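# Summary of structural features
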Amino acid sequence: MQITFVLNGRKVSEEIEPDMLLIDLVRRMGCYSVKRGCETSNCGLCTVFLDEKPVLSCSVLAVRVDGRTVTTLEGLQEEAEEFGAFIADQGAEQCGFCNPGFIMNALALFRENEFPSEEEIKEYLAGNLCRCSGYEGQLRGILAFLDWKKNKQQEKKPVQGEEKRKK
Amino acid sequence: MMTIREYRRVESLEEAWELNQKKPNRVIGGMLWLKMGHGRVGTAIDLSGLGLNQIEEKEDRFEIGAMVTLRDLELHAGLEAYTDGAVRESVRHIVGVQFRNLATVGGSIFGRFGFSDVLTMFLAMKTEVELYKGGIVPLETFAREGAGRDILVKVIVHKENADLCYQSVRNTKTDFPVLTCATAREEDGSYRIAIGARPARAVLMSVSAQFVEELQKQNADLAQAISEKVRAEIVTDSNLRGSAQYRRHLAGVLVRRAVERLE
Amino acid sequence: MKREGNLIVNHAVRKKDAMQLVTGQPVYMDDLAPQNCLIVKLLRSPYANAIVQEVNTTSAMRVPGIEVIYTWRDIDQNGRRYTQAGQTYPEASPYDRLIIDRHVRFIGDVVAIVAGKDEACVDKALRMIKVKYEVLEPVLDFHTAKDNPVLVHPEENWESLCPVGADNKRNLCAHAESSDGDIDAVLADCDIVIDRVYHTKACQQTMMETFRTYCSIDPYGRLNVFSSTQIVFHCRRILANALHIPKSKIRVSKPRIGGGFGAKQTSVCEVYPAFVTWMTKKPSKIIYTRQESMTASTPRHEMEMHVRLGATKDGIVRGIDLYTLSNTGAYGEHGPTTVGLSGHKSIPLYGKVEAFRFVNDVVYTNRMSSGAYRGYGATQGLFAVESAVNELAQRLNMDPFEIREKNIVKEGDVMPAYYGQVNTSCALDRCLKKVREMVDWDHKKMVRDMGNGKVRAVGIGMAMQGSGIGSVDVGSATIKVNDDGFYTLAIGAADMGTGCDTILAQIAAEVLECPIDDITVCGADTDFSPYDSGSYASSTTYITGKAVEKCALQIRDQICKLGAKKLGCAPEDVSFDGKWVYVENEDEGAETTADTEEKSARAAEDMVRKVSLVDLATASMCGNDIALEATVTNSSQLSPPPFMVGAAEVEVDLETGEVEVIDYVGVVDCGTPINPNLARVQAEGGILQGIGMALTENITYTKRGQVLENSLMQYKIPTRADIGRIRVAFESSYESEGPFGAKSIGEVVINTPLPAIADAVCRAVGKRFYELPITPEQIATAVIE
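Residues numbered from 1 in each chain as written. Chains lettered and ligands numbered in written order. Predicted model: local features only at pLDDT ≥ 70, side-chain atom pairs only at ≥ 80, totals over all residues. Heavy atoms only, no water.

Per an unreviewed UniProt entry, the recorded name for chain C is Molybdopterin-dependent oxidoreductase, and the organism is Brotaphodocola catenula.

You'll find chain B entered in an unreviewed UniProt entry as FAD binding domain-containing protein, with Brotaphodocola catenula given as the organism.

Okay, here's the thing in structure tokens:
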């Protein structure tokens, strides 16, 4: 059957089987960042955005994305690089296999909650398994990223303030 | 992995019901449990197009469409306020956000899974389910009897003046529960206690206002007494996550803690 | 090479592949294999012990798209057997496998190989194959395996290649005994003897990327194997042995690996697509499902350890007697070798031991075959010995830190239980001190009631490991100077996410005085990489790292040689500062005080007496006869142990039995951490795996011998919600045999949580646990009792 959807900002039409899963479809379409780590919806490696919400692409029938919007890490390269650099600075990417799913879900978290607390980070990302890092380096990376983001925002504000004063 | 021969996004409940009368056909919710099976589905019936993904808060009740996700439940301010966080607590341990963005209330309830936190939570509230053909049925009846090949349309939670709390014990934070326990203390002092993951499906146990009054007259430790009553009556079994004996013990502990908190 | 103030070594540089990984680039096997290759899947035995009588594939072969189905009839049942273990000569693991054996020995053993054009047709064909089994009684309990009348490997062509005490007619994969002093006399003379039996299970490595391999035939008709493996060279041999074809016909290479932890030190899945591609000459791939990775793979050896540990009433450990029974399962991969570490890497921690005895049996059973998992037997042994010491401290009413301070092995000590080696570098004493400080032991040694039914307590454990296998492991490096003067570093070690490509480049860059970006790393490929045993046994930093250091020194010499030729002087008259080869000794007085930078500046000024690396690189490609390429191979007689101390603070709900590690402190002596970031993450990751093994990663079986924890839904590795803090610090000794003073880090870090958590839980609930994992149910039950 034929479905039409928006993949990473581009409208696409694909011929699919009714029982095809979204993970297999997006990988077939070249989105190799999407990984499969289990068959039981437990690992979070296959996380993509479906209409802006993070979901497990291993558990979504491809046909269900007809008319909707799917985003993979391939469509978020700038954000991935910006945030991922902080993970890289900790060496916490390690084998990298869980990274795309983890980074997708972290980006989803930042969209829902710009400056989450440690507890909120842990809870939101609990469904992203990682066997290499012990999660601690990922947490350090996230906190460093949030710090950077906060500083960037604060740097902007005083500049605006100064301008006002000048006026 | 399961196979699906055809997929249909139905345009009406009638169409869904008709399709669902054929044995190999299945209504699909979040697909999370269904896809792990090895069954062969004829037509996958998708209710996504019927607007059942809304939580409507009315003066006296919540109407929760079958396609509402567990994440929607978790984030709903009205439910959060009404249940004093119990609904959020009941779902936040389920695997992860991405999982809960898919799993549906309808799927969780209709499946009547033993491990279901959601079923346990709703059982403790004054809940009914609306079935397309069967009409409105108390959740407790539905949980016991199921609904055959009918279609679950929505879950209705009637507001009452009750205090709620939800607890579960898990071997790891996002694992299936070893035991779930949702407790409601009614205005009249009676308790409605749902215990799930026994590991069989959740059951509802009631503690009447008279029972509570009697205990209070005797100056007895209410929490302890109710806990002992549940412990004695609850039927538990063993699986990978815990033995029948441990579950019975946990039922006692969780009920005591719940009553201590709510009384 | 030791220099004050390293510029690149001991610095936290980013992993060379980091940005590719965080942006999700296609760098793994299944991202790179072509989409149109044959899909290979396996039909597996539902019985733990059976003879396959008939396999009817007729209707399965008729499924459209099916290319081929192989059964035992396609494999010479009398041919030479092989092992899947990736180990150096003389291979200790018995040759006990056939690609498809008529005799299936565990639930999950291979009955048929099916290859077809897509998953759907292969799945369909798998369902249509009809098999008749003669079901035999299995040996499931490893206590009864030795000398059981039921033999797991009764076959005549079973082979043990070296004297490890194996005897297939007794279900024995290995047996060994070693001792020093008269242990019976010492124990008899001790004031106190702790006599306990400990049990650890067949835990899974659970790397996020399951086992997978792609195979094709290259333009020369050779078998090209592209696999997620830690051991390209061993894999080549294993495939040659399995397929009975010459090694020259095989090339094995690896892409990025999605985690290994030892699992990929065994060629779990390679032989199946290799066989399909070799027979059909068509490209094929196999991707193990998570379920296959949990049920037909190569987990940790289940071990039972009987410890008798004797001490004086003052807490001096005088003797340790250890008997380890190890369950290798249906096949012997790593069976004879893992067991040794349970004693040889636990007993030596106690430096005042007057006598020890270590006896072990490794038995075959009809369970999944075991293999290599980070820690490799030391993990199991350290749980036992460290737990015994914790119990000793409790019985003597002594502080567990103080009892260790009295006993620990010191730098310079001879370690009889560690093959008689001298402890060449050791900061174990500092590790103890630091952990004590960091975990605030003096305030937390008492159990604290948190007032909500919960209590908190702290427990500790120590660990050691090796750095490569002494006199066995081989590491090599090839460095080549290219245009513009950048270097290519070719290695046969496998970066499985650990970052070895990066740390090896750091070592090279430090020696060559260049930025790390000037070193590109390639590996591992049996055709192009210099020989390396592979990345396992904590060998890469110490063994291969040293090879890189030596190789970089050698390439410096080559550069100087060519530079001298260009400058028209003798090689001994020139120096190299990373950018320039220049003439030395012009002004000897100034030379002795000038530092490198000044020299460089001076060389830059002196246009006549220097030549740049860039010019030399260009010159090397024109009318040149001095190779700007060097290969160095390294091996070490020593395997200097890294050390670690860990402390766990747990919070236990005394009623429900729920337990959480709220703080874990680990202090490691890995020698010089070449990259402190990567060393830290290694430690944090290892600690969490150890926490999983201690608390949540359970393995249970049905009566028929089937593993129940067959998915990530049932086998619970810790999530980030399951832990509090993990805090790591380093107390570095300096290992003069290692590159820049480094030892190893990869494995030692998994060991301490097991005894530390067990002891913390014991303090919290007042009962000691001798089997892992310690589940909430066990804790709650212990409290009730």
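Next, the rest of the story.
### As for helix α11 (residues 244-262) of chain B
Here α11 of chain B is 19 residues long and its end C-alpha atoms lie 27 Å apart, about the 27 Å a rise of 1.5 Å per residue gives. The buried count for α11 of chain B comes to 14 of 19 residues, which makes it a mostly enclosed element. (Helix = DSSP H or I, 4+ residues; strand = E, 2+ residues; numbered from the N terminus. Expected span 1.5 Å × (residues − 1). Buried < 20%, exposed > 50% of the residue type's maximum accessible area, 1.4 Å probe, protein only.)

### What about the side chain of Gln167 of chain B?
Residues and elements named next belong to chain B. Following the sequence through the fold, Gln167 ends up in strand β9 (residues 163-170). Only 2.8 Å separates the side chain of Gln167 from the backbone oxygen of Leu254, close enough to count as a polar contact. Non-local contacts of Gln167, meaning those with residues more than four positions away in its chain, are made with Leu179, Thr180, Cys181, Leu254, Arg257, Ala258 and Arg261. (Polar contact = N/O pair within 3.5 Å; in protein donor to acceptor, adjacent residues only side chain to side chain. Contact = heavy atoms within 4.5 Å.)

### Concerning the nonpolar core
Nonpolar side chains in soluble globular proteins tend to be buried together. The biggest cluster of nonpolar side chains holds 204 residues, and the ones touching the most others in it are Ile99, Ile113, Tyr272, Leu309 and Val668 of chain C. At nine residues, helix α10 (residues 378-395) of chain C tops the list of elements feeding residues into this core. Sequence-distant contacts of Tyr272 of chain C, that is, excluding residues within four places in its chain, are made with Val40, Leu42, Gln84, Ile99, Val110, Ile113, Ile286 and Tyr288 of chain C. Of all hydrophobic cores here, the second largest spans 76 residues; its members include Val60 of chain A together with Ala44, Ile64 and Val157 of chain B. (Core = buried A, V, L, I, M, F, W, Y, C linked by side-chain atoms within 4.5 Å.)

### Quick look at the environment of Ile136 of chain B
Residues and elements named next belong to chain B. Here Ile136 lies in strand β7 (residues 135-138). Sequence spacing of Ile136 and Asp163 is 27 residues, and the spatial spacing of their C-alpha atoms is 24 Å. Setting aside residues no more than four positions away along its own chain, Ile136 makes contact with Glu128, Val129, Glu130 and Ile156.

### Focus: the pairing of strand β28 (residues 659-669) of chain C
All names here are of chain C. Across the eleven residues that make up β28, a large majority, ten, are buried. Pairing geometry for strand β27 (residues 643-653) and β28, over ten bridges, is antiparallel. Bridge assignment links Ala647 to a residue of β28, and that residue is Val665. Connecting β27 to the next strand, β28, in antiparallel fashion are five residues, including Gly657 with a positive phi near 85°. (Pairing = 2+ DSSP bridges.)

### Some thoughts on the sheet that holds strand β3 (residues 40-46) of chain B
Residue and element names in this part refer to chain B. Across the sheet, which stays open at both edges, the three strands sit in the order β1-β3-β2 with parallel pairing between neighbours. If you trace the sheet from one side to the other, it starts and ends with β1 (3-9) and β2 (26-28), each paired once. Sheet twist, expressed as the average angle between the axes of neighbouring strands with direction ignored, equals 35°. Sheet topology places β1 next to β3; six bridges connect them, and they run parallel. Of the residues in β3, the one forming a bridge with Ile4 is Val41. (Axes fitted to C-alpha atoms, helices over the stretch in contact; angles between N-to-C directions.)

### Examining the interface of chain A and chain C
Interfaces are frequently sized by the accessible area removed from exposure as the parts join. The interface of chain A with chain C comprises 53 residues on the first partner and 56 residues on the second. Buried area between chain A and chain C, summed over both chains or domains, comes out near 4,200 Å², and the portion from carbon and sulfur atoms is 53%. There are nine salt bridges connecting chain A and chain C. The partner of Asp31 of chain C in a salt bridge is Lys35 of chain A, with the nearest N and O atoms 3.0 Å apart. Between chain A and chain C we count 33 residue pairs in polar contact (both at pLDDT 80 or more) in total. Of all the secondary-structure elements, those providing two or more residues to the side of chain A that touches chain C are α1 (22-28), α2 (77-88), α3 (99-112), α4 (118-124) and α5 (136-166) of chain A. Among the elements that take part in the side of chain A that touches chain C, α2 of chain A stands out by supplying seven residues, more than any other. (Buried area = accessible area lost by both parts, 1.4 Å probe. Salt bridge = Lys/Arg side-chain N within 4 Å of Asp/Glu carboxyl O.)

### Details of the packing of α2 of chain A against α3 of chain A
Residues and elements named next belong to chain A. It is at 11 Å that the axes of α2 and α3 come closest, and there the two elements cross at 105°. One way to sum up the angle between α2 and α3 is to call them roughly perpendicular. Between α2 and α3, the contacting residues are Glu79, Ala80, Phe83, Gly84 and Ile87 on the first element and Phe102, Ile103, Ala106, Leu107, Phe110 and Arg111 on the second. Partitioned by chemical class, the residues of the contact of α2 with α3 number eight nonpolar, one polar and two charged. (Parallel < 35°, antiparallel > 145°, perpendicular 65-115°, else oblique. Nonpolar A, V, L, I, M, F, W, Y, C, P; charged D, E, K, R; others polar.)

### Looking at the pattern of salt bridges
Summed over the entire model, instances satisfying the criterion amount to 98 salt bridges over all chains. Residue Glu14 of chain B pairs with Lys133 of chain B through a salt bridge whose shortest N-O separation is 3.5 Å. You can see Glu14 of chain B sitting in helix α1 (residues 13-20) and its partner Lys133 of chain B sitting in the loop between β6 (126-131) and β7, a full 119 residues away along the chain. We note a salt bridge from Asp184 of chain C to Arg357 of chain C, for which the minimum N-O separation is 3.0 Å.

### A word on the interface of chain A and chain B
At the junction of the two partners, chain A supplies 28 residues and chain B supplies 31 residues. Summed over both partners, the interface of chain A with chain B buries about 2,300 Å², with 54% contributed by carbon and sulfur atoms. Counting across the interface, chain A meets chain B through five salt bridges. Our count for the contact surface shared by chain A and chain B stands at 13 residue pairs in polar contact (both at pLDDT 80 or more). Residue assignment for the side of chain A that touches chain B shows that the elements contributing at least two residues are β4 (53-56), α3 and α4 of chain A. Tallying contributions element by element places β4 of chain A first for the side of chain A that touches chain B, with four residues. Broken down by class, the residue content of the side of chain A that touches chain B amounts to twelve nonpolar, nine polar and seven charged.

### Some points on the sheet that holds β27 of chain C
Sheet strands associate in pairs through backbone hydrogen bonding, adopting either a parallel or an antiparallel arrangement. Read across the open sheet, the five strands follow the order β18-β19-β27-β28-β29 (chain C); overall the sheet is mixed. Looking along the sheet, the strands with just one partner apiece sit at the ends: β18 (448-449) and β29 (723-730) of chain C.

### Describing helix α21 (residues 776-784) of chain C
Listed in full, the buried residues belonging to α21 of chain C are Pro776, Glu777, Ile779, Ala780 and Ala782 of chain C. The inward-facing, buried residues of α21 of chain C abut α11 of chain B together with β27, β28 and α20 (753-765) of chain C.

### Let's talk about the confidence of the model for chain C
Residue and element names in this part refer to chain C. Residue-level pLDDT values for chain C average 96, and 96% of them are 70 or greater. Scored below 50 in pLDDT, residues 588-594 shows four contacts in the model against residues more than four places distant or in partner chains. Across the interfaces of the predicted complex, the ipTM metric reaches 0.97, alongside a pTM of 0.96. (pLDDT = per-residue confidence, 0-100.)

### Regarding the UniProt feature "domain: Aldehyde oxidase/xanthine dehydrogenase a/b hammerhead" (unreviewed entry) in chain C
When the UniProt feature table is mapped onto this chain numbering, "domain: Aldehyde oxidase/xanthine dehydrogenase a/b hammerhead" (unreviewed entry) sits at residues 23-137 of chain C. Helix makes up 16% of residues 23-137 of chain C and strand 30%. Its end C-alpha atoms lie 52 Å apart. (UniProt positions renumbered as here; feature names shortened; annotations may be inferred.)

### Quick look at the environment of Cys551 of chain C
Within the element layout of this structure, Cys551 of chain C appears in helix α15 (residues 540-567). In this structure the C-alpha to C-alpha distance between Cys551 of chain C and Asn56 of chain C, which are 495 residues apart in sequence, comes to 57 Å.

### Observations concerning unusual backbone geometry
Peptide bonds are, in most cases, trans, and in most cases residues other than glycine have a negative phi. Between Arg198 of chain B and the following residue, Pro199 of chain B, the backbone shows a cis peptide bond with an omega angle of 15°. If you trace the backbone, Pro199 of chain B turns up in the loop between β11 (191-196) and β12 (203-207). Leu772 of chain C connects to Pro773 of chain C through a cis peptide bond whose omega is -5°. The residue Pro773 of chain C is located in the loop between α20 and α21 in this model. The backbone of Ser41 of chain A shows a phi angle near 60°, a positive value even though the residue is not glycine. Its location among the elements puts Ser41 of chain A in the loop between α1 and β3 (47-50). The exposure class of Ser41 of chain A is buried, given its relative accessible area of 1%. With a phi angle near 60°, Asp440 of chain C is a residue other than glycine that sits in the positive phi range. Examined against the element boundaries, Asp440 of chain C turns out to sit in the loop between α12 (428-438) and α13 (441-444).

### Observations concerning the packing of α10 of chain C against α20 of chain C
All names here are of chain C. Packing of α10 against α20 leaves a shortest axis separation of 8 Å and a crossing angle of 35°. For the element pair α10 and α20, the recorded crossing hand is right-handed. Contact with α10, carried on its side by Thr379, Leu382, Phe383, Glu386, Ser387, Asn390 and Gln394, involves Leu754, Pro755, Ala758, Asp759 and Cys762 of α20 and no other residues of that element. Here the contact of α10 with α20 is built from residues that sort into six nonpolar, four polar and two charged. (Left-handed = near helix turned anticlockwise from the far one by under 90°.)

### Comments concerning the packing of aromatic side chains
All names here are of chain A. Tallied over the full model, the rule gives 25 aromatic pairs over all chains. Note on Phe86 and Phe145: the rings are 5.5 Å apart at their centroids and 70° apart in plane angle, and the pair reads as edge-to-face. In this pair, Phe86 is assigned in helix α2 and Phe145 in helix α5, connecting sequence segments 59 residues apart. Each member of the pair, Phe86 as well as Phe145, carries the same accessibility label: buried. (Phe/Tyr/Trp six-rings, centres within 6.5 Å; stacked < 30°, edge-to-face > 60°.)

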